[in-house]
Amino acid sequence: ARTQQGRFNEAIALLANSSRNNWGFLAYAYGKAGRRAEAKKLMADAQVLTLYQQRRGPSQYAFAFAGLGDKNQTIK
């Protein structure tokens, strides 16, 4: 809800505590807040670490790419 209200810093604070299950939402919030490097790091970590083993699906990546404003990758 905070991201849709444009309250990205609040959203990041809330999502950072649950990022193991919601890293795509956290990456979205980082991207929308202009913190692109942090969003990209979450995406890179999800590919190589076992940290997000249960949450590597396409929806997580779609949220992350949407936050970065990459419409083509979001759809892909």
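Attention in this report is confined to the structure presented alongside it.

Conventions used here
Residues numbered from 1 in each chain as written. Predicted model: local features only at pLDDT ≥ 70, side-chain atom pairs only at ≥ 80, totals over all residues. Heavy atoms only, no water. Buried < 20%, exposed > 50% of the residue type's maximum accessible area, 1.4 Å probe, protein only. Helix = DSSP H or I, 4+ residues; strand = E, 2+ residues; numbered from the N terminus. Arc of directions from axis to C-beta. Salt bridge = Lys/Arg side-chain N within 4 Å of Asp/Glu carboxyl O.

### What to know about helix α1 (residues 8–16)
- Those residues of α1 lying buried are F8, A11, I12 and L15. One side of α1 carries all its buried residues, which in axial view fall inside an arc of 100°. Exposed side chains of α1 directed beyond 90 degrees from the buried face belong to N9 and L14.

### What to know about the pattern of salt bridges
- On inspection of all chains with the given rule, the structure shows 4 salt bridges.
- R7 is the partner of E10 in a salt bridge, and the nearest nitrogen-oxygen pair spans 2.7 Å.
- Exposure remark for R7: the relative accessible area of 34% places this residue in the partly exposed category.
- The partner of D45 in a salt bridge is K41, and the shortest N-O contact between them spans 2.8 Å. Of the two residues, D45 and K41 are both situated in helix α3 (residues 36–48); the distance of 4 residues between them amounts to about one turn of the helix.
- Judged by its relative accessible area of 16%, D45 is buried.
- Shared partners join several salt bridges into a network, and the residues in it are R2, R7 and E10.

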